[in-house]
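Take a look at the letters that make up each chain.
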Amino acid sequence: MLSSLPRNVVRDPIHGYIWFSEEERKIIDSPHVQRLRMIKQTPGVSFVYPGAQHSRFSHSLGVMHVAGLYALSALLNEYESHNGVYEIVKRVLAVRNWDEFLDLRQKFEVLRDIFDDVQKVRIAGLLHDLGHGPFSHNYEMAVLSDERLTHEDLTKKLIFEMKEYLENFSPNEIVKVLCYSFPGWERIRDVFMEILRKGGLKESKITEIINEYNRDFPRKCFLGAIIGGPWDADTIDFIARDGYFAGVKEYSMFDIKRLILSMRKYRYDIIPHERACYTIVAFIEARIHMFEAVYYHRTARAADRMLECILYYLKRSDTYKDILNFDLRDLTATYLPLTDHFIDALLEQEVRKYNIKYSIERLREKRAKIGDENLYKALLFFIRLRNRDLLKVAWPLTYELPAEISLSPKEMVIPTLEEKIRQKTLKKLKLKHEPDDILIIIDSPEFVPIKRVPYRYTEMSPELKLLTNSGELIPLKKVSPIAERIMEMSYRQFVRVYTFKEYRKPVYEVAEEIFKPPRREVSV
């Protein structure tokens, strides 16, 4: 598939040298991928851990690298019947020497076939985050959710628009890998069809694509598990990378190379070998530490909710009501300009225009002149963020709610509870005029120790299993007592009631009345 050896290389703090071919370089240099330099990987986390300034771009390069090694390792047991090939691939994995592999593939037919799969997974890993909008997942919550879309949906459509950069690679084959990843082809098939329709594809072409994906699924679905699964390349990279840049690499430490080398193709899935059981446990522990101490840190979540509010109000403002919109028929023209830098520049322009000088008091004085209430609220959050005047936890965080209160479905219950707390707080304050910034946000992120997904096309349970030398599967918890205790951790839901510091005390009192203890408090 490739004509040139990978003479291009970058130095990465997580994986060392990352090699890529000339054809891959053209994709990396496309505006679609370069745009990811201007989207932070963890925008809210940087308000707690100042070093977390890294971008989706470096993460995407890392996933490409890990996914390629992952695919080679996962297929390792397929090579044993081919004279000399098994040792060749082991050597390639050991030294990560892509030049040697590409050179030798010319001599072995099986290597050419295998390399096609490896190459598809590498490109899918590189492009898997193309669809992220400004401030990453916050854009998804504030904007895409209204359209019943996800960043994964936009990623697939953008890949179809990259034909001129993909050259020797079929967009269809790359999207196919992403469609087969978590949560699985059957679950997203109807949504994917609708994306293609809205993107302007003819019905006959859509039918042709869907039939092809259905036909190839049993044979190629294991490739999707490399990008999206319990121990996928995406998670391997972001846990290690985010921990490194946040300055808490001790929380995110696990043996990446050992984990990758343990992976094997088993029927339609990817399963780690039992010899790596303690590496798997370390990976799961690292994931838990990173979610509890970094991603779900109360201050990081406060900053993320404020970024989400900025996007929410901008989308609803008269001044910029179309600025966050896009056309699925041409995402390259209408979506690529949307980055963190774009939104920052837009709001900085408004601050300068009205001579606000990053002052809440001056902003309030200009409220009538601004004349757009939603723009005013967006600026209110923007200026507070600029002064690091963040939302505060008014009611203690908790792992579980009282039995009489359920936050499922959250989209129905949480807004009702937020408004209830807000109205009771206003009554308690006995104000003549309602403040413009009395905001109540209930943040309730969900957490499980590891993604549990059923093994495709089998009757096995979603229980995590390992592969033995004899080719049998055994539960992870049977091999490691530590793993058993970790995996028995119950489903947990963090619940925090946020408001600005001026209203913290009355909101706490109201939340106490509504939620009522007992609860187990945890400081994070």
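Since we're looking at a predicted model, the values are computed, not measured. (Residues numbered from 1 in each chain as written. Predicted model: local features only at pLDDT ≥ 70, side-chain atom pairs only at ≥ 80, totals over all residues. Heavy atoms only, no water.)

Some remarks on a positive patch on the surface
Together, K420, K424, K427 and K516 make up a region of like positive charge exposed at the surface. Assignment of secondary structure puts K516 in the segment after α25 (504-515). For K516, a relative accessible area of 47% corresponds to the partly exposed category. (Patch = residues over 30% accessible without salt bridge, like charges linked within 9 Å, V, L, I, M, F, W, Y side chains within 5 Å. Areas by Shrake-Rupley, 256 points an atom, 1.4 Å probe, with all protein chains shown as cover. Salt bridge = Lys/Arg side-chain N within 4 Å of Asp/Glu carboxyl O. Lys, Arg positive; Asp, Glu negative; His and termini not counted. Charge placed at Lys NZ, Arg CZ, Asp CG, Glu CD. Helix = DSSP H or I, 4+ residues; strand = E, 2+ residues; numbered from the N terminus. Buried < 20%, exposed > 50% of the residue type's maximum accessible area, 1.4 Å probe, protein only.)

A closer look at the packing of aromatic side chains
Taken as a whole and judged by the stated rule, the model has 13 aromatic pairs. Where F254 meets F283, the ring centres are 5.2 Å apart and the plane angle is 70 degrees; that geometry is what we call edge-to-face. Highlighted residues: F254 in the loop between α13 (233-246) and α14 (256-261) and F283 in helix α15 (residues 277-295), separated in sequence by 29 residues. The exposure class assigned to F254 is buried, which follows from its relative accessible area of 12%. With relative accessibility at 0%, the residue F283 sits in the buried group. (Phe/Tyr/Trp six-rings, centres within 6.5 Å; stacked < 30°, edge-to-face > 60°.)

What about helix α11 (residues 185-198)?
One turn of an α-helix holds 3.6 residues; hence residues three or four places apart share an orientation. Here α11 spans 19 Å end to end across 14 residues, near enough to the 20 Å set by a 1.5 Å rise per residue. Of all the bends found along α11, the most pronounced is centred on V191 and spans about 30 degrees. Within α11, the full set of buried residues consists of W185, I188, F192, M193, I195 and L196. Those residues of α11 that are buried lie in contact with α8 (151-160), α10 (171-179) and α12 (203-227). Backbone geometry just downstream of α11 places G200 in the positive-phi region, at approximately 95 degrees. (Expected span 1.5 Å × (residues − 1). Bend = angle between axes of the 7 residues up to and from the residue. Contact = heavy atoms within 4.5 Å.)

Some details on the confidence of the model for the protein chain
The predicted model of the protein chain has a mean per-residue pLDDT of 83, with 82% of residues at 70 or higher. Highest mean pLDDT in the protein chain belongs to helix α2 (residues 31-34) (97); lowest belongs to helix α5 (residues 98-104) (59). pLDDT under 50 marks residues 1-6. Its contacts with residues more than four places away, or in other chains, come to 25 contacts. Low pLDDT, under 50, characterises residues 518-524; the predicted model gives this stretch 18 contacts beyond four residues in sequence or across chains. (pLDDT = per-residue confidence, 0-100.)

A closer look at the side chain of S317
Following the sequence through the fold, S317 ends up in the loop between α16 (298-316) and α17 (331-334). Leaving out residues up to four positions away in the same chain, S317 has contacts with D372, N374 and L375.

Some remarks on helix α21 (residues 373-386)
Taking 1.5 Å of rise per residue, 14 residues should cover 20 Å, and α21 covers 20 Å from first to last C-alpha, within 8% of that figure. Most of α21 sits inside the fold, with ten of its 14 residues counted as buried. When we look at burial in α21, the residues that qualify are L375, Y376, A378, L379, L380, F381, F382, I383, R384 and L385. Taken together, the buried residues of α21 touch α16, α18 (340-353), α19 (360-365) and α20 (367-370). You can read the cap of α21 off the contacts: a side-chain oxygen lies 3.2 Å from the backbone nitrogen of N374, and it is on D372. Immediately beyond the C-terminal end of α21, within one or two residues, lies R388, with a positive phi of roughly 45 degrees. (Polar contact = N/O pair within 3.5 Å; in protein donor to acceptor, adjacent residues only side chain to side chain.)

Focus: the pairing of strand β3 (residues 263-266)
Along β3, one buried face is formed by M263 and K265 and the opposite face, lined by R264 and Y266, is buried too. Bridging between β3 and strand β4 (residues 269-272) involves four bridges; their strand directions are antiparallel. Paired with M263 across the two strands is P272, which belongs to β4. Between β3 and the antiparallel strand that follows it, β4, lie two residues; R267 among them carries a positive phi value of about 55 degrees. (Pairing = 2+ DSSP bridges.)

So, unusual backbone geometry
Phi at S136 takes a positive value of approximately 55 degrees, unusual for a residue other than glycine. Structurally, S136 is set in the loop between α6 (109-127) and α7 (137-142). In the Ramachandran plot, R388 falls in the positive-phi region, its phi being about 45 degrees despite a non-glycine side chain. Locating R388 in the fold gives a position in the loop between α21 and β5 (392-398). On the accessibility criterion, R388 (43% relative accessible area) is partly exposed.

Observations regarding the pattern of salt bridges
A complete count under the given rule lists 31 salt bridges for this structure. Across the pair D129 and R56 runs a salt bridge whose closest N-O atoms are separated by 2.9 Å. Of this pair, D129 sits in the loop between α6 and α7 while R56 sits in helix α3 (residues 56-74), and the two are 73 residues apart along the sequence. Side by side, D129 and R56 carry an identical accessibility label, which is buried. A salt bridge links K176 to E212; the shortest N-O distance between them is 2.8 Å. Of this pair, K176 sits in helix α10 while E212 sits in helix α12, placing them 36 residues apart in sequence. In terms of burial, K176 and E212 fall into one category: buried. Each of D117, K120, E173, K176, E212, R215, D216 and K220 takes part in one network of salt bridges that share partners.

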